Amino acid sequence: MKVAIYTLGCKVNQYETQAMEQLLRERGHQVVDFSQEADAYVVNTCSVTAVSDQKSRQMIRHIRRQRPGAVVAVCGCYPQTHAADMEKLDVDLVSGTGDRLGFLDLLEQAGQSRLEALDRAFDRRAFEILPAGGLENRTRAMLKVEDGCVNFCSYCIIPYARGPVRSLPLDRAAEQAEGLAEAGYREIVLTGIEISSWGRDLKTGETLADLAEAVSRAAPGVRIRLGSLEPRTVTEEFCRRCRALPDLCPQFHLSLQSGCAGTLRRMNRKYDPTRFLESVTLLHRWFDRPAVTTDLITGFPGETEEEFAETLAFLETCGFAKVHVFPYSVRPGTPAAEMPQVPGDVKARRAREAAAVAAKTRRAYLEGCVGAVYPVLFEQPREGRFSGHAPNYMEVLAEGEDLRNAVKNVRITGTDGDVLFGTILEDDT
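Residues numbered from 1 in each chain as written. Predicted model: local features only at pLDDT ≥ 70, side-chain atom pairs only at ≥ 80, totals over all residues. Heavy atoms only, no water.

Thoughts on the layout of surface pockets
Approximately 410 Å³ is the volume found for the second largest pocket. Forming the boundary of the second largest pocket are 20 residues, of which L248, P250, D288, Y374 and P391 lie nearest the centre. Within the residue set of the lining of the second largest pocket, elements represented by two or more residues are α9 (236–243) and β14 (373–382). Looking at the lining of the second largest pocket, the element that brings in the most residues is β14, giving three residues. (1 Å grid on protein atoms, 1.4 Å probe; cavity = no way out; pocket = protein on both sides within 12 Å on 5 of 7 lines; lining within 4 Å. Points joined across faces, edges and corners; volume = space filled by probe spheres on them. Helix = DSSP H or I, 4+ residues; strand = E, 2+ residues; numbered from the N terminus.)

Structure, rendered in structure tokens:
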């Protein structure tokens, strides 16, 4: 078959799509672009917000209209959490977030009658090991090391979509990292739904620091980048061990969501601003100008103007290198959906105000990079230059040709507040 896959959502979804593409090719199928004619179209959906649900429905309906004779298959978080919605959509195969191998088996049978394979996410206990890498011409590979979450933040539906924590065993993670290094990838991103909980289910006493060390040993010379972390992960020991890894990138994404203690309690987050700031302080103590990035929700139920003002002040205190700002989105079935809601225009205004503060702290961080020399991993041409990323994951533009997958020492000469500009030095690596 010719199969096309459209992916919405997070890095885990992107990883699982890449794995399915590899497995399809191994089975003798051809993977084509979603805009091309195919025998089957797979929509790998997201359900993190109501907008994500809407985008998933729109894409399913769009492809059914455009390719009425093709098989339309749906997987991912949206059908896992909204199975009833699938009854209203004209699809041939419905699956969820588990058993990708079984999903592909059904995809090969789809077309004669409607097939459905939805399990109970909370019954899952084993981590499904899928092939890593798989995208040609990419310099950076994702390595999924964990699935599931049991934090049950009051606004989040993902635990219901992904089930309990399951971890990729340490030896298998090292094995896959070694394979990615041999395939020519220059950077590996450890990703998962909640990688701070990696190892909890394995009952070995091993933590994320052990995993980072094992992957680093298995892929010497390859950059190791950590996915999103919970503040509890960042301790003195964690920083000491990670600082000793020569290829670990000093960019740390810590989920904030709010800088107000009262709002964090309503969110059922497991920290307060004091603990979060402790993590930020530790990172700055152990690493040289690390890039600390975060997520922020504005207009969470019950958030007052005073609480929001606390959050804005906290953003400046932390000096984030980048902030992803989202207005709160109601998720039916979660506790926050039953709380008193903030008007939509207020949520939007606060998002704009938070974005303005975030732009200020980002510019300050980037301006602090000017004059420094970074080993930049170049990836693709952009705007007449070549684009790459420094270890702190700041984008760098420099003059050059045929630089894809090359690491060059670059002296930073300026910034526009969004990206860095630099000059490649002769003593490159």
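Section: the packing of aromatic side chains
A full pass over the atoms with the stated rule returns twelve aromatic pairs. Ring centres of F34 and Y41 lie 5.3 Å apart, and the angle between their planes is 80°; on these two criteria the pair is classed as edge-to-face. For the pair F34 and Y41, one class covers both residues: buried. Ring centres of F122 and Y160 lie 5.9 Å apart, and the angle between their planes is 90°; on these two criteria the pair is classed as edge-to-face. Remark: Y160 occurs in helix α6 (residues 158–162) and F122 occurs in the loop between β6 (115–117) and β7 (140–147); sequence separation between them is 38 residues. (Phe/Tyr/Trp six-rings, centres within 6.5 Å; stacked < 30°, edge-to-face > 60°. Buried < 20%, exposed > 50% of the residue type's maximum accessible area, 1.4 Å probe, protein only.)

What about the pairing of strand β9 (residues 187–192)?
Looking along a regular strand, one sees the side chains alternate between the two faces of the sheet. For β9, the tally of buried residues reaches six of six residues, placing the bulk of the element in the interior. Side chains E187, V189 and T191 project from β9 onto one buried face, and the interleaved I188, L190 and G192 project onto a second face that is buried too. Bridge count between β7 and β9: six bridges; the pairing is parallel. By the bridge assignment, K144 is partnered in β9 with T191. (Pairing = 2+ DSSP bridges.)

Observations concerning the sheet that holds strand β12 (residues 291–298)
The parallel open sheet is built from three strands, whose spatial order is β11-β12-β13. In this open sheet, the two strands that pair with only one neighbour each are β11 (251–253) and β13 (322–327). Direction aside, the axes of adjacent strands within the sheet are offset by 15° on average. Note that β12 and β13 share six bridges and pair parallel. Bridge pairing in β13 places D295 opposite H324. (Axes fitted to C-alpha atoms, helices over the stretch in contact; angles between N-to-C directions.)

A word on the sheet that holds strand β16 (residues 395–398)
On the basis of which strands lie adjacent, the closed barrel formed by five strands has the order β14-β15-β16-β18-β17 and mixed pairing. Between one strand axis and the next, the sheet turns through 55° on average, direction left out of account. With four bridges connecting them, strand β15 (residues 385–389) and β16 associate as antiparallel partners. Opposite F386, over in β16, you have A398 as the bridge partner.

With respect to the packing of helix α1 (residues 11–26) against helix α5 (residues 100–107)
Between α1 and α5, the shortest axis-to-axis distance is 11 Å and the interhelical angle comes to 50°. Looking at the two axes, α1 sits oblique to α5. Here the hand of the crossing between α1 and α5 comes out right-handed. Between α1 and α5, the residues in contact are E16, M20, L23 and L24 and R100, L101, F103, L104 and L107, respectively. Each residue belonging to the contact of α1 with α5 can be placed in one class, and the counts come to seven nonpolar, no polar and two charged. (Parallel < 35°, antiparallel > 145°, perpendicular 65-115°, else oblique. Left-handed = near helix turned anticlockwise from the far one by under 90°. Contact = heavy atoms within 4.5 Å. Nonpolar A, V, L, I, M, F, W, Y, C, P; charged D, E, K, R; others polar.)

A few points about helix α11 (residues 273–286)
With 14 residues, α11 extends 20 Å from end C-alpha to end C-alpha; this agrees with the ideal 20 Å at 1.5 Å per step. Listing the buried residues of α11 in full gives P273, F276, S279, V280, L282 and L283. Structurally, α11 contributes buried residues whose contacts are with α9, β11, α10 (261–267), β12 and α12 (305–318). (Expected span 1.5 Å × (residues − 1).)

Comments concerning the nonpolar core
Counting residues in each nonpolar core, the largest one holds 84 residues, and the members touching the most others are L107, L143, I188, L190, L211, F238 and F276. Of all the elements, helix α8 (residues 208–218) adds the most residues to this core, at six residues. (Core = buried A, V, L, I, M, F, W, Y, C linked by side-chain atoms within 4.5 Å.)

Regarding the side chain of N405
You can see N405 is positioned in the loop between β16 and β17 (407–415). A distance of 3.1 Å separates the side chain of N405 from the backbone oxygen of G184, its partner in a polar contact. (Polar contact = N/O pair within 3.5 Å; in protein donor to acceptor, adjacent residues only side chain to side chain.)

Focus: unusual backbone geometry
Look at R289: it is not a glycine, yet its phi comes out positive at around 45°. Locating R289 in the fold gives a position in the loop between α11 and β12. Unlike most non-glycine residues, E383 shows phi in positive territory, near 50°. With respect to the helices and strands, E383 occurs in the loop between β14 and β15.

Observations concerning the pattern of salt bridges
Applying the stated criterion across every chain yields a total of 35 salt bridges. The partner of R162 in a salt bridge is D147, with the nearest N and O atoms 3.3 Å apart. On the criterion of sequence distance, the pair formed by R162 in helix α6 and D147 in strand β7 is long-range, its members being 15 residues apart. The exposure classification of R162 matches that of D147, with both residues buried. (Salt bridge = Lys/Arg side-chain N within 4 Å of Asp/Glu carboxyl O.)

A closer look at the environment of E236
Structurally, E236 is set in helix α9. In sequence terms E236 and S255 are 19 residues apart; their C-alpha atoms lie 19 Å from each other. The contact partners of E236, leaving out residues within four places of it in the chain, are L282, R285 and W286. Of note is the side chain of E236, whose polar atom sits 2.8 Å from the side chain of W286.

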